[in-house]
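Spelled out from the first residue to the last, the chains are:
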Amino acid sequence: MTVDVSLTSYPGLDDRITVIRAGDEVDAVFVSTERFNVLVDTLGTPALCQHALELLADRMRDRPLIVVNSHMDWDHFWGNCAISDAPIVAHQSAMERLRDPSALHTLEQKRTTEPRFDEVELVPPTLTFSGESMTLHGGDLSLHLLHTPGHTPDHLAVWIPEIETCLAVDAVEHPIPEVWSSAPDDLRSLRSSLNLIRSLEPKQLVLAHGQTSDPAVLDRNIAYFENIQEAVALVPASELMSAALDQREGMRLEDFVDLPAGMSFEAREFYERCHRSNLAATVATRGAS
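Read on for a plain summary of the structure. (Residues numbered from 1 in each chain as written. Predicted model: local features only at pLDDT ≥ 70, side-chain atom pairs only at ≥ 80, totals over all residues. Heavy atoms only, no water.)

### Overview of the overall build of the protein chain
Secondary structure assignment for the protein chain yields eight helices and twelve strands. Over its C-alpha trace the protein chain gives a radius of gyration of 19 Å, about what one expects of a compact globule, namely 19 Å for 289 residues. Projecting the C-alpha coordinates of the protein chain onto the three principal axes gives extents of approximately 65 × 45 × 40 Å. Sorting the 289 residues of the protein chain into buried and exposed places 52% on the buried side. Summed over its atoms, the accessible surface of the protein chain is roughly 13100 Å², and 50% of this surface lies on carbon and sulfur atoms. (Helix = DSSP H or I, 4+ residues; strand = E, 2+ residues; numbered from the N terminus. Rg over C-alpha atoms; globule rule 2.2 N^0.38 Å. Buried < 20%, exposed > 50% of the residue type's maximum accessible area, 1.4 Å probe, protein only. Areas by Shrake-Rupley, 256 points an atom, 1.4 Å probe, with all protein chains shown as cover.)

Below, the structure written as structure tokens:
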């Protein structure tokens with residue numbers, strides 16, 4: 001699989017922000033401040049990250065670089081080993097995910113499918129924080145790293161109040177987000193994170209997947225979970241554990257969201273899995289209440 005890296009933006013997005021697009025795989029973000037540059041995520045391989053850094057060279061302007069790992073999903077941080085001496089910041093819970101055997105297992109699986117992952121080494125963050133937020137003061141812009149769990153336990157979003165822009169990464173997705181597990185606490189965390197981002201009232205909302213900065217996606221994500229909760233509440237308890245619940249009329253993915261035109265089979269299959277996971281978490285939450 002060949003993935004092309006390009007630099008792009010959105011209408012109305014501040015020119016100090018550059019979206020780094022690795023094909024249809026993922027978007028990272030580069031932010032230029034008076035004091036330093038910030039790279040939010042390093043893409044899925046060192047080669048992709050190195051290519052991105054080369055494309056960004058004329059925007060660096062000899063300022064120091066700080067890297068933020070939004071979370072430890074492979075497509076967001078496997079490019080870390082292309083970073084030589086820049087600090088890499090993440091939430092403390094990212095280290096717990098890296099220490100889990102599943103991190104190395106995922107890499108081994110990927111290496112069996114695509115040679116481009118052979119060069120990947122799991123390089124951990126060099127700086128972590130354990131609270132709800134951490135702020136990088138860039139002079140003209142301040143980047144508030146917000147712990148926004150739910151999609152993953154370690155997830156960070158970035159709020160830049162001076163330009164009313166939120167880099168939501170995977171906390172918000174188009175057409176739907178994905179909860180970490182079917183545990184009720186994970187669903188509550190994701191919904192709380194969505195509400196936190198909405199409370200910021202961002203004018204620009206940059207996603208890692210979905211190729212959009214439209215804040216309306218956030219409202220649609222919140223409505224999606226509200227509508228699932230309402231639908232699940234109407235299902236008799238005896239039918240909640242049906243393996244085919246997600247195929248029942250009124251419970252299917254397309255019953256809750258308008259799917260993008262031309263969505264590939266692979267993308268449709270991925271979001272069907274996300275929907276099943278979200279539905280299972282909602283069912284579990286009803287059972288726990």
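### Section: the side chain of N278
Mapped onto the elements of the fold, N278 is located in helix α8 (residues 265-288). With relative accessibility at 0%, the residue N278 sits in the buried group. Polar contacts involving the side chain of N278 include one to the main-chain carbonyl oxygen of P177, which spans 2.9 Å. Apart from residues no more than four positions distant in its own chain, N278 is found in contact with I176, P177, E178, V179, Y224, F225 and I228. (Polar contact = N/O pair within 3.5 Å; in protein donor to acceptor, adjacent residues only side chain to side chain. Contact = heavy atoms within 4.5 Å.)

### Observations concerning the packing of helix α7 (residues 216-233) against α8
Two elements in contact, α7 and α8, have axes separated by 10 Å at closest approach and are oriented at 55 degrees. Relative to α8, the element α7 is oriented oblique. Along this stretch, α7 crosses α8, giving a crossing that reads as right-handed. Here α7 contributes Y224, F225, I228, Q229, V232 and A233 to the contact with α8, which in turn contributes H275, N278, L279, T282, V283 and R286. (Axes fitted to C-alpha atoms, helices over the stretch in contact; angles between N-to-C directions. Parallel < 35°, antiparallel > 145°, perpendicular 65-115°, else oblique. Left-handed = near helix turned anticlockwise from the far one by under 90°.)

### Here's the deal with the nonpolar core
Of all hydrophobic cores here, the largest spans 35 residues; its most connected members are V172, I197 and L205. Among the secondary structure elements, those contributing two or more residues to this core are β10 (156-160), β11 (165-169), α6 (184-199), β12 (204-207), α7 and α8. With eight residues, α7 is the single largest residue contributor to this core. With sequence-adjacent residues up to four places away left out, I197 is seen in contact with A157, C166, A168, A171, V172, P202, L205 and L218. (Core = buried A, V, L, I, M, F, W, Y, C linked by side-chain atoms within 4.5 Å.)

### Brief notes about the pairing of strand β2 (residues 17-22)
The buried fraction of β2 amounts to six of the six residues, a majority that puts the element mostly inside the structure. Looking at chain direction, strand β1 (residues 5-8) and β2 are connected through four bridges and run antiparallel. The residue bridging L7 from the neighbouring strand is I20, located in β2. Strand direction decides the pairing type here: β2 and strand β3 (residues 26-32), joined by six bridges, are antiparallel. Bridge pairing in β3 places T18 opposite F30. In sequence, β2 turns back onto β3 through a hairpin of three residues, with G23 there showing a positive phi of about 55 degrees. (Pairing = 2+ DSSP bridges.)

### Describing the sheet that holds β11
Whenever strands of a sheet pair, they do so through backbone hydrogen bonds, lying parallel or antiparallel. Strand order across the open sheet formed by five strands is β8-β9-β10-β11-β12, with mixed pairing between neighbours. The two strands at the open ends of the sheet, each matched to only one other strand, are β8 (133-137) and β12. Ignoring which end each strand starts from, the neighbouring axes of this sheet average 20 degrees apart. Two elements, β8 and strand β9 (residues 142-147), share five bridges in a ladder whose sense is antiparallel.

### Quick look at the sheet that holds strand β7 (residues 127-129)
Here we have seven strands laid out as an open sheet, ordered β1-β2-β3-β4-β5-β6-β7, and mixed in their pairing. Two strands bound the open sheet, and with one partner strand each, they are β1 and β7. Between one strand and the next, the sheet's axes are offset by a mean angle of 25 degrees, whatever the strand orientation. Strand contacts of helix α1 (residues 46-55): β1, β2, β4 (37-40) and β5 (65-68), with the helix running at about 40 degrees to β1, the strand carrying the most contacts.

### Describing the pairing of strand β6 (residues 88-91)
Here β6 shows two buried faces, one formed by I88 and A90 and the other by V89 and H91. Here β5 pairs with β6 via two bridges, running parallel. Bridging across to β6, V67 finds its partner in I88. Direction of pairing for β6 relative to β7: parallel, over a ladder of three bridges.

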